[in-house]
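Spelled out from the first residue to the last, the chains are:
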Amino acid sequence: MRRKIAVIGAGNVGATCAQRVLERRLADVALVDVVDGLAAGKALDLAEAAPLEGHDCRITGSTSYEIIRGAQVVVVTAGLARKPGMSRSDLAGANAKIVGSIIPQVVANAPDAILITVTNPLDTMTYLSWKLTRWPAERVMGMAGVLDSARLRFFVAEKLNLSVQDVDAMVMGGHGDSMVPLPRYTTVNGIPLPELLPPAEVEKLMQRTRDGGAEVVKLLKTGSAFYAPASSAADMAQAILNDEHRLLPACVRLSGQYGLKDVFCGVPVRIGAKGVEEIVQLPLTDAEKSALKASAEAVRQDMKMVDDLLGSDPSKGKGVRPL
Ligand code: TXD
């Protein structure tokens, strides 16, 4: 059977993610966008690159969700992106309406898929997606930690003039200003970062990671980062499709882990064919624990906006309700 990934939103992140998937020869791609011709045009252009890239994956694009039928993974990237001076939370109202209109069509056409939410504000949109799908929490995850960790890996490698391949990093928490990059779990071939740099230098790299998205937005002026976000989403999709059991940070629903309950937040998880196979609990210091808690509480505030939009008890609703 041919494998298939649906990508909703054919903008910067969506189209680049489709390209990554094709060029990694991962799966066929179904690209959907609300703008007439956009997904179809980008899909045709990407299909015409196939002979040059030497892959046989197929790509189709449409405004219709019929093309996503049979997808094992759905990546939702549709929504407004940040402009300079905006926080991710500023996007919440507009993007909740967009994601709210998409999820019912995903559920109708790809009912057995695993969902990766990319749209910002990430943690809130992942929560909204989960609520609207009514799928088990293992099948709904948000992409942020893979990106934030990749940024940190790059900053460390650049600072130490080392290969990025030798640097690993872990960023937990919500995908916002309160994210929690963890120096102790940032290592160069097993050596923790605090052994290699003085505390002030370590902190600078952590702060640059927290500001990583804004740094790109400021340079681009018209939109936000998309190359590294697209690679991050493709990595997560690959872990699912290839049943790789990868340990990656992802935004998932916590049910008591790290002392946090009923909140969506970035933590290390094991990802495979069934989605989130396990939430991995790292030993944290008191300071790390309280930073994670503060970050999760900030997400919880934003999640209330979703609850307000959905009404008091969506669990009694029909399952999926467009906003
Ligand atoms: O780490 C992360 N999670 C992120 C998140 C990293 C980078 C970008 N992140 C967020 O992804 C960003 O803040 C935005 O909320 C989304 C998409 O960012 P992108 O840079 O791809 O934005 P674009 O280029 O504006 O593309 C958005 C597309 C565009 O083509 C719209 O026509 C489409 O979304 N769109 C829709 N498609 C389908 N259905 C509906 N309703 C719809 N509305 C807009």
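Residues numbered from 1 in each chain as written. Predicted model: local features only at pLDDT ≥ 70, side-chain atom pairs only at ≥ 80, totals over all residues. Heavy atoms only, no water.

Draft legend 1. Structural context of the packing of helix α3 (residues 92-109) against helix α4 (residues 122-133). Following both chains from N to C, one finds α3 and α4 inclined at 35°, their axes separated by 9 Å at the closest point. When the axes of α3 and α4 are compared, the crossing they make is right-handed. For the pair α3 and α4, the contacting residues are Ala92, Asn95, Ala96, Val99, Gly100, Ile103 and Val107 in the first and Met125, Leu128, Ser129, Leu132 and Thr133 in the second. Of the residues that constitute the contact of α3 with α4, the class distribution is 8 nonpolar, 4 polar and no charged. (Axes fitted to C-alpha atoms, helices over the stretch in contact; angles between N-to-C directions. Helix = DSSP H or I, 4+ residues; strand = E, 2+ residues; numbered from the N terminus. Left-handed = near helix turned anticlockwise from the far one by under 90°. Contact = heavy atoms within 4.5 Å. Nonpolar A, V, L, I, M, F, W, Y, C, P; charged D, E, K, R; others polar.)

Draft legend 2. Quick peek at the site of the ligand. Lining the immediate surroundings of the ligand are 28 residues, of which Asn12, Val13, Asp33, Leu80 and Met143 lie closest. At a separation of 3.4 Å, a nitrogen atom of the ligand approaches a polar backbone atom of valine 34. Within the backbone of glycine 79, an N or O atom sits 3.4 Å from an oxygen atom of the ligand. Contact with the protein chains removes 87% of the 860 Å² of surface that the ligand exposes when unbound. Of all elements in the fold, only α1 (12-23) and α3 reach the threshold of two or more residues within the shell around the ligand. Residue contributions to the shell around the ligand peak at 4 residues, all from α3. Class assignment for the residues of the shell around the ligand results in 17 nonpolar, 10 polar and 1 charged. Looking at the shell around the ligand, you find at least three residues from each of domain 1 (4-142) and domain 2 (145-306). (Near = heavy atom within 4 Å. Polar contact = N/O pair within 3.5 Å; in protein donor to acceptor, adjacent residues only side chain to side chain. Areas by Shrake-Rupley, 256 points an atom, 1.4 Å probe, with all protein chains shown as cover. Domains from an automatic or database assignment.)

Draft legend 3. Inspection of the pairing of strand β5 (residues 114-117) at higher detail. Residues of β5 alternate between two faces, with Ile114 and Ile116 on one and Leu115 and Thr117 on the opposite face, all of them buried. Across 4 bridges, strand β4 (residues 73-76) lies against β5 in parallel orientation. By the bridge assignment, valine 75 is partnered in β5 with isoleucine 116. As for the winding sense of the linkage, the β-α-β connection from β4 through α3 to β5 is right-handed. As paired strands, β5 and strand β6 (residues 140-142) are joined by 3 bridges and run parallel to one another. Paired with leucine 115 across the strands is valine 140, a residue of β6. (Buried < 20%, exposed > 50% of the residue type's maximum accessible area, 1.4 Å probe, protein only. Pairing = 2+ DSSP bridges. Right-handed = clockwise from strand over helix to strand, strands pointing away.)

Draft legend 4. View of the sheet that holds strand β11 (residues 191-192). The strand order β7-β10-β11 describes an open sheet built from 3 strands, whose pairing is antiparallel. Each edge of the sheet is formed by a strand with only one pairing partner; in this case those strands are β7 (167-168) and β11. For β7 and strand β10 (residues 187-188), the ladder comprises 2 bridges, and the chain directions are antiparallel. Its bridge partner lying in β10, valine 167 is registered against valine 188.

Draft legend 5. Up close: the packing of aromatic side chains. The final tally for this structure, using the stated rule, is 5 aromatic pairs. A centroid spacing of 5.8 Å and a plane angle of 50° characterise the contact between tyrosine 127 and phenylalanine 264, whose relative ring orientation is tilted. A residue pair is termed long-range when its members are at least 10 positions apart, and tyrosine 127 in helix α4 and phenylalanine 264 in strand β13 (residues 261-272) qualify at 137 residues. Given a relative accessible area of 1%, phenylalanine 264 falls into the buried group. Members of the aromatic cluster, connected to one another through ring pairs, are Tyr127, Trp130 and Phe264. Positioned above the aromatic ring of tryptophan 135 is the side chain of arginine 139, whose terminal nitrogen or guanidinium carbon lies 4.3 Å from the ring centre. (Phe/Tyr/Trp six-rings, centres within 6.5 Å; stacked < 30°, edge-to-face > 60°. Lys NZ or Arg CZ within 6 Å of the ring centre and 35° of its normal.)

Draft legend 6. Representation of α3 in the model. Under the 1.5 Å per step criterion, the end-to-end length of α3 is 25 Å for 18 residues, consistent within 8% with the ideal 26 Å. Looking at the buried side of α3, the elements it contacts are β1 (4-8), β4, β5, α4 and α9 (286-310). (Expected span 1.5 Å × (residues − 1).)

Draft legend 7. Main features of the nonpolar core. Judged by nonpolar contacts, the single largest core of 90 residues is most densely connected at Ile5, Ile8, Ile68, Val74 and Ile116. Counting residues per element, this core draws most heavily on helix α8 (residues 227-241), at 8 residues. Two domains each provide a minimum of three residues to this core, namely domain 1 (4-142) and domain 2 (145-306). Each residue touching isoleucine 116, except ones within four places of it in the same chain, is listed here: Val73, Val74, Val75, Val76, Met141, Met143, Ala233, Met236, Ala237 and Ile240. Grouped together as the second largest cluster of nonpolar side chains are 14 residues, Leu152, Val188, Val202 and Leu205 included. (Core = buried A, V, L, I, M, F, W, Y, C linked by side-chain atoms within 4.5 Å.)

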